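Reading the structure
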Amino acid sequence: MSPGAAALLLAAAGTAALLADRIWTVAALTVMLLGVCLRAPSGRRRVYLFGALSTGLGVLVLSPFLWSSPDGTLLWEGPTIPVLGPLDVTTTELIAAALNALRLTALGLAFAAYALLLDHDRLVAAAGVARRSALAVALATRLVPSLERDAVGLAESVRGRGVRLEGARGYATLLSPLVAGSLERATSLAEAMEARGFGRPGGTRAPRPPWSVRDRLALPLAALLILVAALWL
Amino acid sequence: MALVAVDGLSFSYPSAPPALRDVSLAFEPGEVVALLGPSGSGKTTLLRALAGLVPHFHGGRFAGRVVVAGLDTRRVRPAELAGTVATVFQDPEDQVVMTIVANEVAFGLENLGVAPHEIWPRVERALESVDALHLWGRRTIELSGGELQRVCLASALALEPQLLLLDEPTSQLDPEAAELFLAAVERLGATVVLSEHRVARALELATRVVFVDGGRLLLDASRAEAVEWLSAERPLYTNPSVTAPHVPAGAVIAALRGVSYAYRAAMPVLEGVDLELRRGEIVALEGPNGSGKTTLARIAAGLVEPQAGAVELWGRAGYLSQDPGRYLVKETVLAEVALAVNGDQQRAGSALARVGLGWAATRHPRDLSSGERERLALAAVAVAEPDLLVLDEPTRGLDPERKVALGEWLQEYAAEGRAVLVATHDQHLPAHRRIGLRVETQAPAGARVAV
């Protein structure tokens, strides 16, 4: 399948997860997207899966305390906190938290599948008039593995100096140099792109394979998925 | 008519002393020019000026005139000069735009508006000329530094430029790959300006030599005249070797027994490697790109656990990676070095002075040039005086004079009863023992075995 069609289906799956109201529907979409992500090499998918699953888990854990509903069965009653009010957990809050957590996880997994499995270059090429924006998105997507590699390198260089990084606070000290390094790399990349004629009028595109019937079918399928999710799921 | 005419060029980056001072030059079509000079002498700035990136991309004070193929670089943007001029920058990782190698090489051709049916054949020819056709469908993020450098050259060659600017293009290549790379440059037939710290190789290729120092043009001569001038004025540029004096073997400080490591199953990088390091000695690890030098160095430093075999270390180890950008985590150069000695500024100051960076103590580490960053990284690791100092490509980006200074410094360091292990492509770096790693062709695809 061409990356354009695949991206369309992933976007539709993510949108459907946001629009659907039934928890089992969203769970099924999440599991399906997880299965797609597992096709990526284990070394590369680790950081994406961790990001998607930990974000969902965070919503599941925190959401019942931050949003209160008088409906459902009271499962736990805690103290009253100033500003937040009484802390309690009800079945309604838990179900809503699980739904939102699954939605967020599905969205994260859809992005992970896009980042891990699609040929971004062909997406850029297929973008036509929006090529610059597509290239910006592709470069931003590549930031995740670059940052991961830089973070590992920074931590290793500090350990190589005999300094131990302990706990979240220790690793947090590397955040600022990581961002500074990314900005420096972005500037160098912009310079290299300009030197290679980027932004010059009259550009052409290298020939790419045309869309197959299966690719063309992806368009109505994506639209149908969103419609069904919005109206019936 | 000259292809390049530089007339009275002076340039200063914002809030910085002049990087170029009144430089005048002219390059004829087909000339191969070796651009030599110490680190921070203005070579990169001169290349940027020839590509139009100075003053368009890098703001600053620009005076004089640069004309390339009849185009005044002040009036024409770098993107419009692309195709006439192609540049290969110092760090290959900072110039890769696309995800797949073939698309990366095609990127410039698409920008220039080359007819679509010509793009893939030109990509194929360019990759073939640098012996990188097998990388066609590979992901750029998975390539080694050396492979990436070849892809960057292919991207420049594909444009078939009249002027090719190369800023230390072989810094991450082993000698064999560097030869291949420069042979491809020679075949191009374009005017080439090559900034290179491996002077002997650059001189072999060059028809003309330009030497800059402190932003001033000190020499613009034919190769024969330049060799004579360099021998008299900068002898280390023509004879950079330092031999390590014989030292009696000290006690064993690190022992690796039967060490194996693989990044992917069935693709071992190291298999059954034995290595003993003794106090007082410098050991060089040599071998082609991808032969496992870095992996072995990281294992010896205790940063990576071998998947088989054992590592014993009697003392502390320090590790200097080949990317100096990884040593920029603090706000000042002094604080950066003091990190490894619990903030002891006196020791940090001495370590900085030892690598010639005493003047930069209060500067931000990111304000330093690439050569200065290399030295900062060395000071940041060596300040804690580890018993075993492991260095990965420490001469990358260093000019011949700095390389010799580094060699002498390493000898002093080892002579104080410590051991030094260096993974390097630089055959001029002094060592008491040289250990070769090779890619094992008899083993399963990609397997690497030490000898």
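Residues numbered from 1 in each chain as written. Chains lettered and ligands numbered in written order. Predicted model: local features only at pLDDT ≥ 70, side-chain atom pairs only at ≥ 80, totals over all residues.

**Some remarks on the interface of chain B and chain A**
Accessible area lost during the coming together of the parts is what is often quoted as the interface size. Here is the rule: Remark: residues whose backbone-derived C-beta atoms lie within 7 Å of one another are considered to be in contact. Elements are defined by DSSP. Helices are runs of H or I of four residues or more, strands are runs of E of two residues or more, and each kind is numbered from the N terminus.
In this complex, chain B contributes 52 residues to the contact, which on the side of chain A involves 39 residues. Of all the secondary-structure elements, those providing two or more residues to the side of chain B that touches chain A are helix H3 (78–81), helix H4 (101–112), helix H5 (116–129), strand E15 (317–320) and helix H14 (370–382) of chain B. Ranked by residue count, the leading element in the side of chain B that touches chain A is H4 of chain B, at seven residues.

**A few points about H4 of chain B**
Our working rule: With C-beta atoms placed from the backbone, a residue is labelled by how many other C-beta atoms lie within 10 Å of its own: buried for 20 or more, exposed for 12 or fewer, partly exposed between the two.
Counting buried residues in H4 of chain B gives twelve out of twelve residues, a clear majority hidden from the surface. Buried positions along H4 of chain B lie against helix H5 (120–126) of chain A together with H5 and helix H6 (145–158) of chain B. Of the residues one or two after H4 of chain B, Gly 113 of chain B is the one with positive phi, at around 80 degrees.

**Observations regarding H14 of chain B**
Residues and elements named next belong to chain B. For clarity, the cut-off: Expected helix span is computed as 1.5 Å times (number of residues minus one).
Its 13 residues give H14 an end-to-end C-alpha distance of 18 Å, which sits within 8% of 18 Å, the value for a rise of 1.5 Å per residue. Burial runs high along H14: twelve of the 13 residues are buried. Among the residues of H14, those classed as buried are Gly 371, Glu 372, Arg 373, Glu 374, Arg 375, Leu 376, Ala 377, Leu 378, Ala 379, Ala 380, Val 381 and Ala 382.

**Examining the environment of Phe 107 of chain B**
In this fold, Phe 107 of chain B is placed in helix H4. Expressed as a C-alpha distance, the spacing of Phe 107 of chain B and Val 96 of chain B, which sit eleven residues apart in the sequence, is 9.8 Å. Beyond its immediate chain neighbours, meaning those up to four positions away, Phe 107 of chain B contacts Arg 196 of chain A together with Val 97, Met 98 and Ser 155 of chain B.

**Points about the pairing of strand E2 (residues 18–27) of chain B**
All names here are of chain B. How we decide: Two strands form a pair only when DSSP identifies at least two bridges running between them.
Pairing geometry for strand E1 (residues 4–12) and E2, over six bridges, is antiparallel. By the bridge assignment for E2, Phe 11 is matched with Leu 20. Hairpin connection, E1 to E2: the antiparallel pair is bridged by five residues, and Ser 15 has positive phi, about 50 degrees.

**A word on the sheet that holds E1 of chain B**
Residues and elements named next belong to chain B. Short version of the rule: Axes, fitted as lines to C-alpha atoms, cover a helix only where it is in contact. Angles between the N-to-C directions of the axes lie from 0 to 180 degrees.
The four strands are arranged E2-E1-E4-E5 in an open sheet whose pairing can be described as antiparallel. What marks the edges here is a single partner per strand, and that holds for E2 and strand E5 (71–72). Of the strands in this sheet, E1, E2 and strand E4 (61–68) are in contact with helix H1 (residues 43–50), which crosses E2 at around 55 degrees.

**Looking at the domain arrangement of chain B**
All names here are of chain B. For clarity, the threshold we go by: How far each domain reaches was decided by an automatic or database domain assignment. Residues were grouped as follows: Ala, Val, Leu, Ile, Met, Phe, Trp, Tyr, Cys and Pro as nonpolar; Asp, Glu, Lys and Arg as charged; and all remaining residues, including Gly, as polar.
With domains assigned, chain B is organised as domain 1 (4–238) and domain 2 (252–450). Just the C-alpha atoms count here: the centres of domain 1 and domain 2 sit 29 Å apart. Across the contact, 17 residues belong to domain 1 and 16 residues belong to domain 2. The greatest single-element share of the side of domain 1 that touches domain 2, amounting to three residues, is contributed by helix H7 (residues 175–188). Across the side of domain 1 that touches domain 2, the residue classes tally to seven nonpolar, seven polar and three charged.

**Details of the environment of Arg 257 of chain B**
All names here are of chain B. Counting through the fold element by element, Arg 257 comes out in strand E11 (residues 252–264). On the basis of neighbour count, Arg 257 is assigned to the partly exposed category, with 14 C-beta atoms found within 10 Å. Considered as a pair, Arg 257 and Gly 272 are 15 residues apart in the sequence and their alpha carbons are 7.3 Å apart.

**Focus on unusual backbone geometry**
All names here are of chain B. Following Val 54, the chain continues into Pro 55 via a peptide bond in cis, with omega recorded as 15 degrees. With respect to the helices and strands, the residue Pro 55 is situated in helix H2 (residues 53–56). One non-glycine residue, Glu 160, adopts positive backbone phi at about 50 degrees. Looking at where Glu 160 falls in the secondary structure, it is placed in the loop between H6 and strand E7 (163–167). With a phi angle near 50 degrees, Glu 393 is a residue other than glycine that sits in the positive phi range. On the basis of neighbour counts, which here come to 22 C-beta atoms within 10 Å, the residue Glu 393 falls in the buried class.

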